[in-house]
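Structural description and commentary
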Amino acid sequence: MLNPGGPATTAASAAVATTAGRVAFDEFVVARSGALPRTAYLLTRDPHLAEDLVRTALTKAWFVRRRINGDPEPYVRRIMVNEFASGRRRRWRGERPTA
């Protein structure tokens, strides 16, 4: 007989929590699939770059979803703003002749 507080119970609880977290995140993505691209468009002014920005933010949030307490939307929006700012800093400005 298994010990009720043993490793098997802990593993089963972790599996249920992981599945619940995955379902909650999936529901968040479906519910906010209209608002997040609009926010990204306001940042980028390009629909294709906005789509890439949302995809990047959701991917990053997916990997840390267990650490997000409560509503994930502010966290995802912060990722979008930070990624946009980082991309602007990294952008190649092109060669400029000096002579």
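Going along each chain's sequence as written, the residues are numbered from 1 onward. In keeping with the predicted nature of the model, local features appear solely for residues at pLDDT of at least 70, side-chain atom pairs appear and are counted solely at 80 or more, and the whole-chain, interface and lining totals rest on all residues. Think of the side-chain values as coming from all heavy atoms in the structure, minus any hydrogens and water.

Next up on the list: the overall build of the protein. On a plain count of helices and strands, the protein comes out with four helices and zero strands. Along its sequence from the N terminus, the protein presents helices and strands in the succession α-α-α-α. Buried means the residue's accessible area, taken with a 1.4 Å probe over protein chains only, is under 20% of the maximum for its type, while exposed means over 50%, and partly exposed covers the values in between. Counting all 99 residues of the protein, 23% fall into the buried class. Accessible surface is estimated by sampling points in the Shrake-Rupley manner with a 1.4 Å probe; for residues, cover comes only from the protein chains shown. Of the accessible surface of the protein, which amounts to about 7500 Å², a share of 59% is contributed by carbon and sulfur atoms. Each helix corresponds to a stretch of at least 4 residues labelled H or I by DSSP, and each strand to a stretch of at least 2 residues labelled E; elements are numbered beginning at the N terminus.

This part covers the packing of helix α2 (residues 35–44) against helix α4 (residues 73–90). Where α2 meets α4, the axes come as close as 11 Å, and the angle between the chain directions of the two elements is 25 degrees. In terms of their interaxial angle, α2 and α4 are classed as roughly parallel. In this structure, α2 meets α4 at a crossing whose hand is right-handed. Only V76, R77, M80, V81 and F84 of α4 make contact with α2, whose side of the interface consists of A35, L36, T39, A40, L43 and T44. In the scheme used here, Gly and all other residues not listed as nonpolar or charged are polar, with Ala, Val, Leu, Ile, Met, Phe, Trp, Tyr, Cys and Pro taken as nonpolar and Asp, Glu, Lys and Arg as charged. The residue makeup of the contact of α2 with α4, split by class, is eight nonpolar, two polar and one charged. To obtain each axis, a line is fitted to C-alpha atoms, and for helices this fit is confined to the stretch in contact; angles are then taken between N-to-C directions over 0 to 180 degrees. If an angle is under 35 degrees, it is roughly parallel; if it is over 145, roughly antiparallel; if it lies from 65 to 115, roughly perpendicular; otherwise it is oblique. What makes a crossing left-handed is the near helix being turned counterclockwise from the far one by less than a right angle; a clockwise turn instead makes it right-handed. When checking whether two residues touch, look at their non-hydrogen atoms; a contact exists if any pair is within 4.5 Å.

Right, let's get into the pattern of salt bridges. Put simply, a salt bridge is a Lys or Arg side-chain nitrogen that is within 4 Å of an Asp or Glu carboxyl oxygen. Applying the stated criterion across every chain, the model contains five salt bridges. The salt bridge partner of R55 is E51, with a shortest N-O separation of 2.6 Å. With R55 and E51 both in helix α3 (residues 47–63) and four residues apart, this pair spans about one turn of that helix. On the basis of relative accessible area, R55 is assigned to the partly exposed category, the value being 46%. The structure contains a network of salt bridges with shared partners spanning R32, E73 and R77.

So, about unusual backbone geometry. Phi is positive for R45, which is not a glycine, with a value near 60 degrees. Examined against the element boundaries, R45 turns out to sit in the loop between α2 and α3.

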